[in-house]
Amino acid sequence: MNKYIEAYNSKKVSIEEALSVIRPDDEVITSIGPLEPMEIMSRLHTIRDKVNKIKIWNGLNMGVYDFCSKSEMRDNYELRSWFYSAPTRKAQGVGIASYEPGNLHNIFIRKLQEKSPNIFIGTVAPMDKHGYFRFSLSVVYEKECFEAADIVILEVNPNLPQVHGDTEIHISDVDYIVEIDRPLPELPKTKISEVNKKIGENVASLVNDGDTIQLGIGQIPDAVAMSFMSKKDLGIHTEMISNSIVDLVEAGVITGKKKNINKGKIVGTFALGSKRLYDFMDNNPSIRLMRGSYVNDPYVIAQNDNMVSINTALEVDLTGQVCSESIGSLHFSGTGGQNDFSEGAIHSKNGRSIIALHSTAKKGTISTIRPCLSQGAVVTLSRNNIDYIVTEYGIANLKAKTVKERVDSLISIAHPNFREELEKEAIGLSLK
Ligand code: COA
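Residues numbered from 1 in each chain as written. Predicted model: local features only at pLDDT ≥ 70, side-chain atom pairs only at ≥ 80, totals over all residues. Heavy atoms only, no water.

An unreviewed UniProt entry annotates the chain as 4-hydroxybutyrate--acetyl-CoA CoA transferase originating from Clostridium bovifaecis. Under Sequence similarities (unreviewed entry), UniProt gives the following word-for-word description of the chain: "Belongs to the acetyl-CoA hydrolase/transferase family." (UniProt positions renumbered as here; feature names shortened; annotations may be inferred.)

Below, the structure written as structure tokens:
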């Protein structure tokens, strides 16, 4: 028998056996998003009597688990998250989750310098004949974290694609294996509303043939991508690889020919989308999934000329400060790589940092362009790192503009129902 298969078999355990290695003072970190070790996490509450405020580190949480959704677990578990999703918001609601701020490119490295979680639990695609598994759909921080951990537990899921890049982990670095077979978490394709279509067209007017683009998370970036169908030779250097990338590749829009680094390759650090996206990524030599500490490093991002970051936000103030992660003081998502990419884009030769958002929220009852950010709102992007703000009403060019010019430009792209009021507030605040 191949020695790697022998090693694999000797490391196979049940979920209960894997959980039994966790001790009261351990700190656990898990792989993220589509690689969340869902089977083990859904049974984590069963060791409740054994643990005392055990710290579980995670981000882009996919499942609702007993250990973090039930208030009676509050004394036993603490979920520390660098990026919230709906289940994490629920966990915060019962007092179990708390947000750890940071930029994606170095949040994990900084964490490991402080105190490294000693148990890593991840999910991988099946082992090859050389004894390597692949992290498949995310290497945001998974590699640094398994390298630093004392104990490595893996769920092995045959439904995961084999993805090229810096994605491998060798059987010799693994302590316990749990075989599972579950469908992958999916994000449906975004429905493109008329408003999103208009925003997409406005953003497309800022993107040229041959640019390298980053598309962020949320409904708008996916819709924006659909406005690029007539572009040529776009390159991709992005944090999240999403559904729209497949459409753009199939339409011949993405070739990566003009990139300065990773020419011809679609570079990302994780993927989340439909089964069609995962099938597209399977054994695809044009994909390079690389560590977040590389992909999101502003110095790396800036090495591509004509780098365009395209992200979305929840609100912006009249001077250009951007909040993308909280609704007032209530935490909603995370900084993720928004700041990394805007910083990288503005340092790239002819780069552009773009925020595209709806002009209103809550069914048109509030303006997302506000005199000041709401009380408690987090500044995700400094006003110094933004070139363009785009809504369905147009483009505000903030580059090399005074505060007064920014105010006028931002009011001109606000929803018409709010422009007069914004004008009055701007004068009252001495912004113009
Ligand atoms: N005030 C109050 N509520 C607001 C609001 C505002 N100004 N703007 C939006 N909302 C509400 C929406 O109504 C919606 O509520 P609902 O879920 O009850 O309908 C909710 O907030 C989410 O808004 P939506 O626009 O649908 O969010 P999205 O899924 O498109 O995500 C961000 C948008 C900004 C949250 C997301 O892009 C993000 O987290 N960005 C930061 C990270 C990032 O950009 N990383 C980049 C690299 S991937």
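Still to come is the rest of the account.
Engineer: Sorry if this is basic, but what is going on with the packing of aromatic side chains here?
Structural biologist: Aromatic ring pairs are described here by two measures, namely the spacing of the ring centres and the angle between the planes. Applying the stated rule across the entire model yields eleven aromatic pairs. When the centroid spacing of 5.4 Å and the interplanar angle of 85° are considered together, the rings of Trp82 and Phe108 count as edge-to-face. Placement of Trp82 in the loop between strand 3 (77–81) and helix 5 (86–93) and of Phe108 in helix 6 (residues 104–114) is noted, with a sequence separation of 26 residues between them. The class for Phe108 is buried, based on a relative accessible area of 5%. Look at Phe135 and Phe146: their rings are 6.0 Å apart centre to centre, the planes differ by 35°, and that puts the pair in the tilted class. Taken together, the residues Phe135 in the loop between strand 6 (132–134) and helix 7 (142–148) and Phe146 in helix 7 connect sequence positions eleven residues apart. (Phe/Tyr/Trp six-rings, centres within 6.5 Å; stacked < 30°, edge-to-face > 60°. Helix = DSSP H or I, 4+ residues; strand = E, 2+ residues; numbered from the N terminus. Buried < 20%, exposed > 50% of the residue type's maximum accessible area, 1.4 Å probe, protein only.)

Engineer: When you look at a nonpolar patch on the surface in this model, what are you seeing that I'm missing?
Structural biologist: Nonpolar side chains collect at one region of the surface, where Ile327, Leu330 and Phe332 lie side by side and expose about 280 Å² of accessible area between them. Mapped onto the secondary structure, Phe332 falls in the loop between strand 20 (330–331) and helix 14 (338–347). (Patch = residues over 30% accessible without salt bridge, like charges linked within 9 Å, V, L, I, M, F, W, Y side chains within 5 Å. Areas by Shrake-Rupley, 256 points an atom, 1.4 Å probe, with all protein chains shown as cover. Salt bridge = Lys/Arg side-chain N within 4 Å of Asp/Glu carboxyl O.)

Engineer: Whenever I open this one, the pattern of salt bridges confuses me. Can you help?
Structural biologist: What the rule picks out here adds up to 24 salt bridges. Across the pair Glu168 and Lys143 runs a salt bridge, and its minimum N-O distance is 3.4 Å. Of this pair, Glu168 sits in strand 8 (residues 168–170) while Lys143 sits in helix 7, and the two are 25 residues apart along the sequence. In this structure Lys143 comes out as buried when scored by relative accessible area, which is 3%. In this structure, Asp247 engages Arg276 in a salt bridge whose closest nitrogen and oxygen atoms are separated by 3.0 Å.

Engineer: Sorry, what's going on with unusual backbone geometry here?
Structural biologist: For residues that are not glycine, phi is negative in most cases, and the peptide bond is trans in most cases. Of note, Asn262 is a non-glycine position whose phi angle comes to about 55°, a positive value. On the secondary structure map, Asn262 appears in the loop between helix 10 (243–250) and strand 13 (266–268). Despite not being glycine, Ser430 has its phi angle at roughly 60°, a positive value. Mapped onto the fold, Ser430 is located in the segment after helix 16 (416–428).

Engineer: I keep staring at the site of the ligand and nothing clicks. Help me out?
Structural biologist: Not every one of the 22 residues close to the ligand is listed here, only the nearest: Ile217, Gln219, Leu314, Ser333 and Gln338. At 2.6 Å, a backbone N or O of Ile217 approaches an oxygen atom of the ligand. Between the ligand and the protein, one listed contact pairs an oxygen atom with a backbone N or O atom of Gln219 at 3.0 Å. Bound to the protein, the ligand loses 73% of the 980 Å² it would expose on its own. (Near = heavy atom within 4 Å. Polar contact = N/O pair within 3.5 Å; in protein donor to acceptor, adjacent residues only side chain to side chain.)

Engineer: For this particular structure, what's the right way to read the sheet that holds strand 26 (residues 394–397)?
Structural biologist: Two modes of strand pairing occur in sheets, parallel and antiparallel, and in both the strands are linked by backbone hydrogen bonds. With mixed pairing, the eight strands of this open sheet are ordered in space as 15-13-11-10-16-21-25-26. Edge positions in the sheet fall to strand 15 (287–289) and strand 26, since each of these pairs with one other strand and no more. Taking the axes of each pair of neighbouring strands and ignoring which way they run, one obtains an average angle of 25° across the sheet. Here two bridges tie strand 11 (residues 235–237) to strand 13, and the two strands are oriented parallel to one another. Its bridge partner lying in strand 13, Ile236 is registered against Ile266. Lying on the sheet, helix 14 is in contact with strand 10 (212–215), strand 11, strand 16 (307–311) and strand 21 (352–356); it crosses strand 16 at an angle near 150°. (Pairing = 2+ DSSP bridges. Axes fitted to C-alpha atoms, helices over the stretch in contact; angles between N-to-C directions. Contact = heavy atoms within 4.5 Å.)

Engineer: Explain the side chain of Asn118 here, please?
Structural biologist: You can see Asn118 is positioned in the loop between helix 6 and strand 5 (119–124). Within the local environment of Asn118, its side chain forms a polar contact with the side chain of Asp26, the two groups lying 2.7 Å apart. For Asn118, the side chain forms a polar contact with the main-chain nitrogen of Glu27, separated by 2.9 Å. Residue contacts for Asn118: discarding those within four places in its chain leaves Arg23, Asp26, Glu27, Ala149, Asp150 and Ile151.

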